[in-house]
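# An overview of the molecular structure
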Amino acid sequence: MAEPFNTPIPGSTPVLASTPRSSSPAPLLPSLTPTASMSTIPLRPPPQKDQSERRRPIVLHIGDPIKYNPATYTEFSQAFEVIRPSTAERDRGEFKKALQERRWGDFSAIFRPFWGTGGEMGRWDAELISLLPSSVEVFASAGAGFDWADTKLLGERGIIYCNSGLAAAEAVADFAVAMVISTFRHLPWCMGAATLPYFLKASSGSDATTGKTFQACHSLATAVSHNPRNHVLGLIGFGNIGQQIAARFGNPSFGMRIAYYDVVRKPASLESSLGATYYPSLELLLAASDCAVLCTPASPDGKPLITSDALKHVKKGSRFVNVARGSLVDEEALADALEDGRISAAALDVHAEEPKVNSRLVKMAFGEQDVVTDHTQHAKSNFNHPGRVMLTCHNAGGTVETHIGFEELSMRNIMAVSGGKEAITPVNLHYLKKTE
Ligand SMILES: O=C(O)C(=O)CO
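Residues numbered from 1 in each chain as written. Predicted model: local features only at pLDDT ≥ 70, side-chain atom pairs only at ≥ 80, totals over all residues. Heavy atoms only, no water.

Quick reminder of the rule: UniProt positions are given in the numbering used here, feature names are shortened, and annotations may be inferred rather than shown by experiment.
As recorded by an unreviewed UniProt entry, the protein carries the name D-isomer specific 2-hydroxyacid dehydrogenase and is attributed to Sordaria brevicollis. We quote the UniProt Sequence similarities (unreviewed entry) comment for the protein here in full: "Belongs to the D-isomer specific 2-hydroxyacid dehydrogenase family."

The following block contains the structure:
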């Protein structure tokens with residue numbers, strides 16, 4: 001997800017069957033536990049004698065204090081004067097006022113180490129960005145996604161935005177494994193049939209469906225469940241996250257056939273190491289995929305990629321997973337495709353109107369567990385069963401390890417830029433004005 005969505009390049013006609021496959025597991029992608037390159041980034045040199053009275057550069061730290069990397073933070077806070085606005089000051093009105101008053105001085109960096117806090121001031125749009133002092137050089141933040149900041153405008157102001165996709169990729173790819181499997185094995189049905197009647201009994205006192213739904217799911221789920229092996233996994237977006245998903249499912253344990261679409265085709269060496277076949281358009285990828293996984297950044301204009309038009313191209317009865325951003329999917333169009341059987345199952349970690357979840361999709365997640373107690377009715381349609389949709393609460397990237405990486409990477413990005421080195425994970429360099 002770190003790569004920006006660029007201009008599409010035309011590709012050749014994909015021939016999936018003839019794609020050379022690697023016989024050994026694909027190589028692991030860079031992980032973020034302090035790597036050699038990160039730990040060797042020098043801090044700014046100590047002030048010279050004639051500069052000794054000058055203040056250290058100021059970093060505006062938004063959100064919670066750091067939690068996991070005290071050693072790096074010691075270096076960081078020696079190199080910079082770290083100012084952390086209070087919770088009240090992070091409210092948008094107060095935050096704007098403080099920026100207007102230059103309350104935090106001429107800070108050179110913005111540091112948001114967590115993704116659960118530090119976003120209280122809302123979207124970093126023209127209104128906020130225009131209030132920043134011209135001294136700001138870098139904005140380093142937690143999160144693979146960066147749809148909450150106008151990175152184009154930041155770039156045009158000369159501010160490098162660094163995300164932390166590298167730190168979240170492993171967790172998101174692991175979660176995607178559960179979601180892809182769910183679409184092949186209907187985990188919400190299995191879980192709901194085992195547990196939901198007991199919740200209903202507790203709330204309504206009726207035990208009409210207890211046991212019946214268990215038996216129905218036990219006997220009927222088999223007919224609509226499949227092993228992922230030899231099915232085509234279509235990755236929409238082939239950045240860090242897409243590549244890590246490919247590494248998991250393309251290896252012999254799962255044995256899926258990996259296909260991808262991205263606006264920029266990846267080098268042949270990468271494609272062949274991951275056994276991935278490139279498709280030159282979203283439509284062609286959807287038509288070839290048994291399970292499509294969305295793992296690309298939100299569109300800069302906030303518009304969906306998975307629209308009713310795009311869904312006309314899906315392979316009948318295929319599956320769909322979203323671990324990217326809810327804004328990329330027209331959820332009503334997806335619900336239509338699930339209702340008419342174009343899509344047989346879906347798993348969504350992210351939602352268009354978080355924290356709200358689409359009510360039609362919720363109904364398909366757990367509702368009507370008793371609709372398939374009748375075998376005759378079930379035989380008429382193999383997609384009209386409950387639990388076809390797995391819905392989670394934007395949890396894919398949420399692990400302690402991700403947060404350790406968010407903190408570390410954000411500090412290292414700021415130290416790098418401030419020390420005159422290249423940023424480690426910039427996402428908007430293409431918007432920065434050339435100075436020479
Ligand atoms: O890091 C992010 O932006 C995520 O949403 C992880 O799921």
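There is more to say, and it comes next.
### Brief notes about the UniProt feature "domain: D-isomer specific 2-hydroxyacid dehydrogenase NAD-binding" (unreviewed entry) in the protein
We count it as follows: Counting from the N terminus, the helices are the DSSP runs of H or I reaching at least four residues and the strands are the DSSP runs of E reaching at least two.
The UniProt record annotates "domain: D-isomer specific 2-hydroxyacid dehydrogenase NAD-binding" (unreviewed entry) at residues 222-364. With 31% helix and 20% strand, residues 222-364 has its two end C-alpha atoms placed 19 Å apart.

### Structural notes on the environment of Ala71
When you line up the elements, Ala71 lands in helix α2 (residues 70-79). Sequence-wise, Ala71 and Glu408 are 337 residues apart; in three dimensions their C-alpha atoms are separated by 9.9 Å.

### Some words on the site of the ligand
Basically, it comes down to this: Nearness is judged by heavy atoms alone; a residue qualifies as near a molecule or strand once a single heavy atom is within 4 Å of it. Polar contact criterion, stated in full: a pair of N or O atoms within 3.5 Å, where within protein one must be able to donate a hydrogen and the other to accept it, and residues adjacent in sequence count only if both atoms are side-chain atoms. Calculation of accessible area relied on Shrake-Rupley with a 1.4 Å probe; when residues are assessed, cover is drawn exclusively from the protein chains displayed. Using a grid of 1 Å spacing that covers the protein atoms alone, one calls a set of points a cavity when a 1.4 Å probe fits there but cannot get out, and a pocket when the set is open and has protein on both sides within 12 Å along at least five of seven lines; lining residues are those with an atom within 4 Å of a point. Those molecules having more than half of their atoms within 2 Å of a cavity or pocket grid point set are described as sitting in that cavity or pocket. All amino acids are sorted into three groups, where Ala, Val, Leu, Ile, Met, Phe, Trp, Tyr, Cys and Pro are nonpolar, Asp, Glu, Lys and Arg are charged, and the leftover types, Gly among them, are polar.
In the vicinity of the ligand, the contacting residues are Trp115, Gly143, Ala144, Gly145, Val172, Arg325, His394, Gly397 and Phe406. At a separation of 2.7 Å, an oxygen atom of the ligand approaches a polar backbone atom of Ala144. Between the ligand and Arg325, the relevant distance is 2.7 Å, taken from an oxygen atom to a side-chain nitrogen or oxygen of the residue. Taking 230 Å² as the accessible area of the ligand by itself, protein coverage stands at 98%. The pocket occupied by the ligand, as judged from atoms lying within 2 Å of grid points, is the largest pocket. Of the residues belonging to the shell around the ligand, the class tally is four nonpolar, four polar and one charged.

### Concerning the domain arrangement of the protein
Counted only if it meets this: Where each domain begins and ends is defined by an automated method or by a domain database. By buried area we mean how much accessible surface two parts lose on assembly, using a 1.4 Å probe and totalling the loss over both. In the sections that follow, a salt bridge refers to a side-chain nitrogen of Lys or Arg positioned within 4 Å of a carboxyl oxygen of Asp or Glu.
One can read the domain layout of the protein as domain 1 (51-168 + 399-433) and domain 2 (169-391). Placing a centre on the C-alpha atoms of domain 1 and another on those of domain 2 gives a separation of 35 Å. Taken together, both faces of the contact between domain 1 and domain 2 bury some 610 Å²; the carbon and sulfur share is 52%. When the buried surface of domain 1 facing domain 2 is broken down by residue, Asp147, Leu166 and Ala168 rank first, second and third, together holding 56% of it. Seen at the junction of domain 1 and domain 2, the total is one salt bridge. Considering each element in turn, the side of domain 1 that touches domain 2 owes the most residues, four residues, to helix α6 (residues 165-185).

### Side note on the pattern of salt bridges
Counted only if it meets this: Only protein chains enter the calculation, and the probe is 1.4 Å; a residue is then buried if its accessible area is under 20% of its type maximum, exposed if over 50%, and partly exposed in between.
Under the defined criterion, the tally for this structure stands at 22 salt bridges. As a salt-bridge pair, Arg248 and Asp174 come within 2.8 Å of each other at their nearest N and O atoms. One end of the pair, Arg248, is in helix α9 (residues 240-250); the other, Asp174, is in helix α6, and 74 residues separate them in sequence. Here Lys315 ties to Asp290 by a salt bridge, and the two come within 2.8 Å at their closest N and O atoms. Placement of Lys315 in the loop between α12 (308-311) and β10 (318-322) and of Asp290 in the loop between α11 (282-288) and β9 (291-294) is noted, with a sequence separation of 25 residues between them. For Lys315, a relative accessible area of 32% gives the class partly exposed. For Asp290, a relative accessible area of 12% translates into the label buried. What you see here is one network of salt bridges that share partners, running through Glu89, Glu94, Lys97, Glu101 and Arg103.

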